[in-house]
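# An overview of the molecular structure
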Amino acid sequence: MKKIKKNLTGAVNAVASKAMATSLVNKVVNVEHVDSETSRFEWVVGSLSKYSLGDKVTSSSVTAGGSKWVLDFYPRGYVMPDHASLYLNVANPESLPSDWSCHVTFTLSVLNPANKEVIEKA
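Residues numbered from 1 in each chain as written. Predicted model: local features only at pLDDT ≥ 70, side-chain atom pairs only at ≥ 80, totals over all residues. Heavy atoms only, no water.

## Considerations on the overall build of the chain
A tally of helices and strands in the chain yields zero helices and nine strands. Relative to its 122 residues, the chain shows a buried fraction of 32%. A fraction of 49% describes how many contacts in the chain between residues 6 or more apart in sequence connect residues 24 or more apart. (Helix = DSSP H or I, 4+ residues; strand = E, 2+ residues; numbered from the N terminus. Buried < 20%, exposed > 50% of the residue type's maximum accessible area, 1.4 Å probe, protein only. Contact = heavy atoms within 4.5 Å.)

## Digging into the pairing of strand E6 (residues 67-74)
Of all the eight residues making up E6, seven are buried; the element is thus mostly covered by neighbouring parts of the structure. Alignment of strand E4 (residues 57-58) against E6, held across two bridges, turns out to be antiparallel. The partner of Val57 across the bridge, within E6, is Phe73. Here three bridges tie strand E5 (residues 62-64) to E6, and the two strands are oriented antiparallel to one another. Bridge pairing links Ala64 to Ser67 in E6. Turn length for the E5-E6 hairpin, with the two strands adjacent in sequence and antiparallel, is two residues, and the turn residue Gly65 shows positive phi of about 60°. Bridge analysis of E6 against strand E7 (residues 85-90) gives six bridges, and the strand direction is antiparallel. Bridged to Trp69 within E7 is Val90. (Pairing = 2+ DSSP bridges.)

## A look at the pairing of strand E3 (residues 38-44)
Buried residues dominate E3, accounting for five of its seven residues. Sheet analysis places strand E2 (residues 27-33) next to E3, joined by five bridges and oriented antiparallel. Across the sheet, the residue bridging to Glu32 is Arg40, located in E3. Between E2 and E3, which pair antiparallel one after the other, the connecting turn spans four residues.

## Details of the environment of His103
Tracing the backbone through its elements, the reader meets His103 in strand E8 (residues 103-112). At a separation of 3.4 Å, a polar atom in the side chain of His103 contacts the side chain of Thr105. (Polar contact = N/O pair within 3.5 Å; in protein donor to acceptor, adjacent residues only side chain to side chain.)

## Brief notes about the nonpolar core
Here is a general trend for soluble globular proteins: nonpolar side chains tend to be buried in one another's company. Ranked by internal contacts, the top residues of the largest apolar core, which has 13 residues, are Val28, Phe41, Trp43, Val45, Val57, Trp69 and Leu71. When contributions to this core are tallied by element, the ones reaching two or more residues are E3, E5, E6 and E7. The element that contributes the greatest number of residues to this core is E6, accounting for three residues. (Core = buried A, V, L, I, M, F, W, Y, C linked by side-chain atoms within 4.5 Å.)

## Quick word on the packing of aromatic side chains
Evaluated as defined, the whole model comprises five aromatic pairs. With centroids separated by 6.2 Å and ring planes inclined at 75°, the aromatic side chains of Tyr78 and Tyr87 adopt a geometry described as edge-to-face. Owing to a relative accessible area of 46%, Tyr78 belongs among the partly exposed residues under this scheme. Accessibility expressed as a relative area gives 37% for Tyr87, which makes it partly exposed. Members of the aromatic cluster, connected to one another through ring pairs, are Tyr74, Tyr78 and Tyr87. (Phe/Tyr/Trp six-rings, centres within 6.5 Å; stacked < 30°, edge-to-face > 60°.)

## Considerations on a nonpolar patch on the surface
A cluster of nonpolar side chains, namely Tyr78, Val79, Met80 and Tyr87, defines an oily patch on the protein surface of about 440 Å² accessible area. Assignment of secondary structure puts Val79 in the loop between E6 and E7. (Patch = residues over 30% accessible without salt bridge, like charges linked within 9 Å, V, L, I, M, F, W, Y side chains within 5 Å. Areas by Shrake-Rupley, 256 points an atom, 1.4 Å probe, with all protein chains shown as cover. Salt bridge = Lys/Arg side-chain N within 4 Å of Asp/Glu carboxyl O.)

Pasting the structure below:
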């Protein structure tokens, strides 16, 4: 099995403002391909108040390191209430060999639009 290092930096913007244009909600924006292995992007999720425990929001795909990736976000939690969950998944697993694997490093930055505070986790 060949392991390939891939770097994917995602910024998930949880935008609570109703003034935001609807065309930007649940959209991947500002995609930047830093090099052949590294991509940066922003994902505008929209208002989180409308979601319940187990509700999932999936991003559109972003290419990094030759593979397509999506983010699955559970704003109110997947199992534990009030604990947001975020999963990085390969976008097209059915098209990959059964022994496919890779090493991925990514950083998540969350922007609170109310106070513009950024929280970053690697």
